[in-house]
Amino acid sequence: MSAAAQDTPVPVPVPVPDDAIEVEGLSKSFGERVVVRDLSMRVRRGQIYGFLGPNGSGKTTTIRMLCGLLTPDAGRGTCLGLDILTQARAIRRHVGYMTQKFSLYADLSVRENLEFVARIYGVPDPVGAARAAVERLGLTGRDRQLAGSLSGGWKQRLALGACILPSPQLLLLDEPTAGVDPKARREFWAQIHELAAEGLTVLVSTHYMDEAERCHEIAYIAYGELLAQGTVEDVIARSGLVTWSVTGADPAALARELAALPGVEMVAPFGTSVHVGGHDAAALEAAIAPYRQRPGLDWRADAPTLEDVFIDLMTRSKDNFAKDGAGKDGRR
Amino acid sequence: MSGGGPLGSLRRIGAMMRKEFLQLLRDRVSFATMIMIPLLQLVLFGYAINTTPRHLPTAVLAHENTSLTRAILASLENTKYFAVTHHPRTEAEAERLMRSGDVLFVVEIPAGFERAVRRGENPSMLVAADATDPVASGSALAALRTLVDTAMTRERFIVEGGPRGSGLEDQPPAFEIITHARYNPAAVTQLNIVPGLLGTILTMTMLIFTALSVTREIERGTMETLLAMPIRPVEVMLGKIAPYVMVGAAQATLIVVAGIVLFDVPVVGSLGLLAALTGLFIVANLSIGYTFSTLAQNQLQAVQMTFMYFLPNILLSGFMFPFAGMPQWAQWISETLPLTHYLRMVRGILLKGATADDLVYDMAALTAIMLVAMLIAVSRFRQTLD
């Protein structure tokens, strides 16, 4: 829609590049509010790429820009080798997008929904394709049930099934497992890994740390900015965070005391233990030294978890955010 | 295979249509409404609304121009019911004016009229009225009875007897006025109401259902998925409109058949022409409804907009109150409403046997309105969520 393409025309998809997604400097604001700021990322083909961040951090907006549902205010990029600014229609044919909210037709049956999708995408033999999808999804016998009457887990399964029905090359999944029970989540991830093994690229946004660890690579976004990306190990190693864990009586009181100490940047109670962390290893050690003598407390140095790293990233970026005076908490 | 080409497009429109039909059939309440609205209205509205419109357009076909004919015309206009707008030269021309709805009355004064009056031959003057809308023409015809008196008072010198009120009331009037209530001789109100209902019911149901169709997708969140699919705005629009064209056609058939069976509405003109023009009218309304749905944020707003649009349609189109009785500015507004043109065409075809030639102006106007609405609808449909 918007005028673009000052850069060299991107060749039509045939010789597929290594990157499924390659964007630079994407920005998007709604009115005064900057929702995504100067975001660059690269997702290799066949990868499962986790997109993490708190609510309102700009995950959904980024995904919508990738599939052409939103026009970026600035930046450029390609999706499957096609320009996201000028070739949005061609991109749509090869991308499966699963929205956060269930967005198939609640008043159509499972099979009618699948047939509709197959017809719109021009899948040969839509009826047969839908029937095959029903079997694959394990929905045989329920194919005449209205989609709106399915349980949460089944809705999510159907939505994924509809996404992959036109055999896309890239899946964009926006918080697909929100509100789904653990068993269904596990099955869901097993399926994602199978699809990736077949060569599909998957970009999936999530809140869950355990899900992040199932991804090949992750990106962490907060307040519209990409704060870290790489493999889980890389992200943890690059955080520079040093953590200790302490076990003992009354972790809540202990956490309160520790939080007040200089050099302690992060305190998180975990059941009977407390996680303490900071960036300056020496300062942290000095701060906790008196407590290490305290009887009944068992201290041990340990590696930060992904969650520690993210909370830390988020806290620090929030400070910056507040300093910028950009105000207003982003929600979208 | 990015699914281009006209075949791909047809396939997607087909998929969209199929989906809309399934949803329509599943929504029992809406479906029942589509059948019940026409039936209920037809039965309830069967009884008329009364008004006395004035300044109705009149054609005068005068075969002589004398002081008596001038006096008659002056008193015609004095009644306030008639406004002489046309002076046709031939009967055929007068006939055409009436059939196309340009005039509601044709007054014909025969040659040698004044002389015949002077000689006491008691000649006749013909007033033909378009009675398809009996409310519009009724009171004007009633006013004619006093006309002879007023005209003769002005021209009393030509009457042999003395002035009125001098005990000569029992003498026969100097001339006779013969009235012809054309097309609807018995002035049966239902003959007017049935074509009117055909138009209003189609307007109401077509508008509401399309106005809801896009906003429903937005409200339920399905629009996001739809936009992420490789389908063009025009394809979405055509796919959404097509099922309702069929619903509209079914409603129209129902109303016309009920009109013929229950109220003995005559079908003077061609049913084929009526069907074709009804199709045009349905598509025009669907386009307008679709435009509303791209403007409204939610279903409630869509319904509100529909009603806001519906009101002038009911009041100004000539359905409830005669078009000719409206002030100029109201007539201009009503010329922009599809219903106005459709009503003229339906009355013309069903009751007067009008042919396509008689209805060129209204057909052109309706087509223009439809194209404008379609253009707005397609350009308003956003392909992104921006």
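Just above sits the structure.
One structure accompanies this document, and this report is about it.

The rules we used
- Residues numbered from 1 in each chain as written.
- Chains lettered and ligands numbered in written order.
- Predicted model: local features only at pLDDT ≥ 70, side-chain atom pairs only at ≥ 80, totals over all residues.
- Heavy atoms only, no water.
- Helix = DSSP H or I, 4+ residues; strand = E, 2+ residues; numbered from the N terminus.
- Buried < 20%, exposed > 50% of the residue type's maximum accessible area, 1.4 Å probe, protein only.
- Contact = heavy atoms within 4.5 Å.
- Areas by Shrake-Rupley, 256 points an atom, 1.4 Å probe, with all protein chains shown as cover.
- Pairing = 2+ DSSP bridges.
- Axes fitted to C-alpha atoms, helices over the stretch in contact; angles between N-to-C directions.
- Patch = residues over 30% accessible without salt bridge, like charges linked within 9 Å, V, L, I, M, F, W, Y side chains within 5 Å.
- Salt bridge = Lys/Arg side-chain N within 4 Å of Asp/Glu carboxyl O.
- Core = buried A, V, L, I, M, F, W, Y, C linked by side-chain atoms within 4.5 Å.
- Buried area = accessible area lost by both parts, 1.4 Å probe.
- Parallel < 35°, antiparallel > 145°, perpendicular 65-115°, else oblique.
- Left-handed = near helix turned anticlockwise from the far one by under 90°.
- Nonpolar A, V, L, I, M, F, W, Y, C, P; charged D, E, K, R; others polar.
- Phe/Tyr/Trp six-rings, centres within 6.5 Å; stacked < 30°, edge-to-face > 60°.
- Lys NZ or Arg CZ within 6 Å of the ring centre and 35° of its normal.

### Description of the overall build of chain B
For chain B, the count of helices and strands is 14 helices and five strands. Within chain B, the fraction of its 386 residues that count as buried is 54%. The long-range share in chain B, meaning contacts at least 24 apart out of those at least 6 apart in sequence, stands at 82%. Total accessible area on chain B stands at roughly 16700 Å², and carbon and sulfur atoms take up 63% of it.

### Structural notes on the sheet that holds strand β5 (residues 82–83) of chain A
All names here are of chain A. As summarised here, the arrangement of the four strands in space is β2-β1-β4-β5, forming an open sheet in which the pairing is antiparallel. Looking along the sheet, the strands with just one partner apiece sit at the ends: β2 (33–44) and β5. For strand β4 (residues 74–79) and β5, the ladder comprises two bridges, and the chain directions are antiparallel. Each residue of the ladder has a partner; that of C79, found in β5, is L82. Those strands touched by helix α1 (residues 59–66) are β1 (19–30), β2 and β4, and its axis lies near 120° from that of β1.

### Some words on unusual backbone geometry
All names here are of chain A. A positive phi angle, close to 45°, is found at E175, a residue other than glycine. Position of E175 among the secondary structure elements: in the loop between β7 (170–174) and α6 (182–197). Residue E175 is classed as buried on the basis of its relative accessible area, which comes to 9%. A positive phi angle, close to 50°, is found at Y223, a residue other than glycine. With respect to the helices, strands and loops of the structure, Y223 is situated in the loop between β9 (217–222) and β10 (225–230). Judged by its relative accessible area of 15%, Y223 falls in the buried class.

### Focus on the pairing of strand β4 (residues 124–130) of chain B
Residues and elements named next belong to chain B. Most of β4 is tucked away, with five of its seven residues classed as buried. Summarising the sheet, strand β3 (residues 105–109) and β4 pair through four bridges and their orientation is antiparallel. Counterpart to E108 in the pairing with β4 is L126. In this sheet, strand β5 (residues 176–182) lies alongside β4 in parallel orientation, the contact comprising seven bridges.

### Re a nonpolar patch on the surface
All names here are of chain B. Together, I35, M36, L39, L40, V43, L44 and L254 give the surface a local cluster of nonpolar side chains, amounting to about 610 Å² of exposed area. A per-element tally of the nonpolar patch places helix α2 (residues 28–44) first, with six residues. Counting through the fold element by element, L254 comes out in helix α9 (residues 233–263).

### Section: α1(A)
Residue and element names in this part refer to chain A. In terms of burial, α1 is largely enclosed, as eight of its eight residues are buried. Of all the positions in α1, only K59, T60, T61, T62, I63, R64, M65 and L66 are classed as buried. Of the residues one or two after α1, G68 is the one with positive phi, at around 80°.

### Regarding the nonpolar core
Residue and element names in this part refer to chain A. Counting residues in each nonpolar core, the largest one holds 113 residues, and the members touching the most others are I21, L114, L158, L172 and L203. I21 has contacts with M41, R42, V43, L66, T78, C79, L170, L172 and L203, leaving out every residue within four places of it along the chain. Among the nonpolar cores identified, the runner-up in size contains 30 residues, and L52, I164, F188 and V235 belong to it.

### Description of the environment of R119(A)
With respect to the element layout, R119(A) can be found in helix α3 (residues 110–121). According to the relative accessible area criterion, R119(A) is buried, its value standing at 13%. With 10 residues separating them along the chain, R119(A) and A129(A) place their C-alpha atoms 9.8 Å apart. Apart from residues no more than four positions distant in its own chain, R119(A) is found in contact with P126(A), V127(A), R11(B), A15(B) and R18(B).

### Looking at the interface of chain B and chain A
Listed by partner, the interface residues are 29 residues for chain B and 28 residues for chain A. Summing both partners gives a buried area of about 3000 Å² for chain B against chain A, and 57% of it is carried by carbon and sulfur. Summed over the shared surface of chain B and chain A, the number is three salt bridges. Notably, a salt bridge pairs R26(B) with E112(A), separated by 2.5 Å at the nearest N-O pair. Listed by contribution, the elements that provide at least two residues to the side of chain B that touches chain A are α1 (5–26), α7 (189–220) and α8 (222–227) of chain B. Tallying contributions element by element places α1(B) first for the side of chain B that touches chain A, with nine residues.

### Quick notes on the pattern of salt bridges
On inspection of all chains with the given rule, the structure shows 31 salt bridges over all chains. Ionic pairing is found between R42(A) and D19(A), a salt bridge with its closest N-O pair at 2.7 Å. Taken together, the positions of R42(A) in strand β2 and D19(A) in strand β1 put the pair 23 residues apart, joining distant regions of the chain. Linked by salt bridges that have partners in common, K19(B), E20(B), E217(B) and K240(B) make up one network.

### Topic: the packing of α1(B) against α9(B)
All names here are of chain B. Contact geometry for α1 and α9: axes closest at 8 Å, N-to-C directions at 50°. When the interaxial angle is binned, α1 and α9 end up oblique. The interaxial crossing formed by α1 with α9 has right-handed handedness. Residues S9, R12, I13, M16, M17, K19, E20, F21 and L24 of α1 pack against E235, V236, L238, G239, K240, A242, P243, Y244, M246 and V247 of α9. Partitioned by chemical class, the residues of the contact of α1 with α9 number 12 nonpolar, two polar and five charged.

### Here we look at the packing of aromatic side chains
Under the definition given, this model contains eight aromatic pairs over all chains. Relative to Y244(B), the ring of F209(B) has its centre 6.3 Å away and its plane inclined at 10°; by these criteria the two rings are stacked. Taken together, the residues F209(B) in helix α7 and Y244(B) in helix α9 connect sequence positions 35 residues apart. The class for F209(B) is buried, based on a relative accessible area of 9%. Pairing F307(B) with F310(B) gives two aromatic rings, centres 6.5 Å apart and planes at 90°, and the pair type is edge-to-face. Of this pair, F307(B) and F310(B) both sit in helix α11 (residues 299–316), three residues apart, which is roughly one turn of that helix. Sitting over the ring of F102(A), K155(A) keeps its end group 5.5 Å from the ring centre. Over the face of the ring belonging to Y208(A) we find R185(A), whose NZ or CZ atom lies 3.8 Å from the ring centre.

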